Amino acid sequence: MSEVDALQGCLAAEHAAVFGYAALGGALAGIPDTVAEEALAQRAYTAHRDLRDALDAMVAELGAEPVAAEAAYRTGPTETAADCRRLAVTLEDATAAVYAFAVSQTTDETRGLMTDALTDAAVRAVEWGGRPDPFPGLG
Amino acid sequence: VLSVAAVGGLATVTGCGTAGRDDGSVGDDRSLAEAAMGEEQAFGVWCAKVARRHRTLRPDAQRVARAQRLYVAALADALGVPPPTASSPAAVPGSPRAAARLLARRSDALCAGRAADALTSADGALAQLLASMSAGHAVTAERWRR
């Protein structure tokens, strides 16, 4: 697998994360007493949207056509705050996995970006109540 | 319609090759991994000391010490050597709060150290392991700051 393929995998995961957090934000707005979760979701949405845009530009710079988002993704239930937290952990774990893999396929500055993105995803997963994993992204 | 969780899997199951600079820097990777293993091992021993000294911190400090043993084992496995002898000269603060703060600071330092190692590693698989360890330390630091 090439660097561009790994970056395309990250971009695909970020498309799903942006979709997932948009859905999650909407769901949380209708659930009482979730101010903290809404703030966390907004922060995570922004982070994933910025990563998506950065990856899109990186893939294009490498001469490839950036992978497009799917029309929709299955998110699972988002009826309760616990549902939303589970979805958020799933989103962060999924993105951590692709970034960990991308670290192995990239070098230099790009690898640094992948490492930072992996770290941010791992920290967010735990902020959402995910179980700490000694090896984020490799589990 | 893809599930949000499946998207990441698609990218990771299709190959596990590694990017390497292929510049003959294998020796550098070896010394880098050996140094990292020593630091991880020393921190693990120190966390075990924290767990022994401060009952209130014990469960969490033991959890970190266990993770450290996994890191040392993973690096030893990557190097094909036995784990080093346990030792940690660093003292444990007498106050639990100070010990917790120091644990978070040491985790931050290890996070930065492993991230830098990941960046300079010539071997992609080793870089992946080091980056994951860096992320693990970031999570530890975050939890201990709370």
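The coordinates are above.
Residues numbered from 1 in each chain as written. Chains lettered and ligands numbered in written order. Predicted model: local features only at pLDDT ≥ 70, side-chain atom pairs only at ≥ 80, totals over all residues. Heavy atoms only, no water.

Caption draft 1: Inspection of unusual backbone geometry at higher detail. Residue and element names in this part refer to chain A. Of note in the backbone geometry, aspartate 33 takes a positive phi value of approximately 60° without being a glycine. Under the relative-accessibility criterion, aspartate 33 is labelled exposed at 78%. Located in the positive-phi region is aspartate 108, a residue other than glycine, with phi close to 55°. With respect to the helices, strands and loops of the structure, aspartate 108 is situated in helix 4 (residues 108-127). Accessibility expressed as a relative area gives 43% for aspartate 108, which makes it partly exposed. (Buried < 20%, exposed > 50% of the residue type's maximum accessible area, 1.4 Å probe, protein only. Helix = DSSP H or I, 4+ residues; strand = E, 2+ residues; numbered from the N terminus.)

Caption draft 2: Representation of the packing of helix 3 (residues 81-105) of chain A against helix 4 of chain A in the model. Residues and elements named next belong to chain A. Axis separation between helix 3 and helix 4 bottoms out at 8 Å; the angle between their running directions is 155°. Of the possible angle classes, the one that applies to helix 3 and helix 4 is roughly antiparallel. Classified by chirality, the crossing of helix 4 by helix 3 is left-handed. Residue-level inspection shows Val89, Glu92, Asp93, Thr95, Ala96, Tyr99, Ala100, Ala102 and Val103 of helix 3 in contact with helix 4, the latter providing Arg111, Met114, Thr115, Ala117, Leu118, Ala121, Arg124 and Ala125. Of the residues belonging to the contact of helix 3 with helix 4, the class tally is 11 nonpolar, 2 polar and 4 charged. (Axes fitted to C-alpha atoms, helices over the stretch in contact; angles between N-to-C directions. Parallel < 35°, antiparallel > 145°, perpendicular 65-115°, else oblique. Left-handed = near helix turned anticlockwise from the far one by under 90°. Contact = heavy atoms within 4.5 Å. Nonpolar A, V, L, I, M, F, W, Y, C, P; charged D, E, K, R; others polar.)

Caption draft 3: Representation of the nonpolar core within the structure. Core analysis: the biggest nonpolar cluster contains 42 residues, and A:Leu55, A:Tyr99, A:Met114 and B:Leu75 have the highest contact counts within it. Elements supplying a minimum of two residues to this core: helix 1 (3-29), helix 2 (35-61), helix 3 and helix 4 of chain A together with helix 2 (26-53), helix 3 (58-79), helix 4 (96-120) and helix 5 (124-145) of chain B. With 9 residues, the top contributor of residues to this core is helix 5 of chain B. With sequence-adjacent residues up to four places away left out, A:Tyr99 is seen in contact with A:Cys10, A:Glu14, A:Leu51, A:Leu55, A:Met114, A:Ala117 and A:Leu118. The next biggest cluster of nonpolar side chains, apart from the first, holds 16 residues, and it includes B:Phe43, B:Ala61, B:Ala99 and B:Leu103. (Core = buried A, V, L, I, M, F, W, Y, C linked by side-chain atoms within 4.5 Å.)

Caption draft 4: Structural context of the environment of A:Cys10. All names here are of chain A. Structurally, cysteine 10 can be placed in helix 1. The exposure class of cysteine 10 is buried, given its relative accessible area of 0%. The spatial distance from the C-alpha of cysteine 10 to the C-alpha of threonine 115 is 12 Å, given a sequence separation of 105 residues. Cysteine 10 has contacts with Leu55, Val98, Tyr99, Ala102 and Met114, leaving out every residue within four places of it along the chain.

Caption draft 5: Region of interest: the packing of helix 3 of chain B against helix 5 of chain B. Residues and elements named next belong to chain B. Where helix 3 contacts helix 5, the axes come no closer than 11 Å and their chain directions differ by 170°. Comparing the axis directions of helix 3 and helix 5 gives the class roughly antiparallel. Where helix 3 abuts helix 5, its residues Asp60, Ala61, Arg63, Val64, Gln68, Tyr71, Ala74 and Leu75 lie against Leu126, Leu129, Leu130, Met133, Gly136, His137, Thr140, Arg143 and Trp144. Tallied by class, residues from the contact of helix 3 with helix 5 come to 10 nonpolar, 4 polar and 3 charged.

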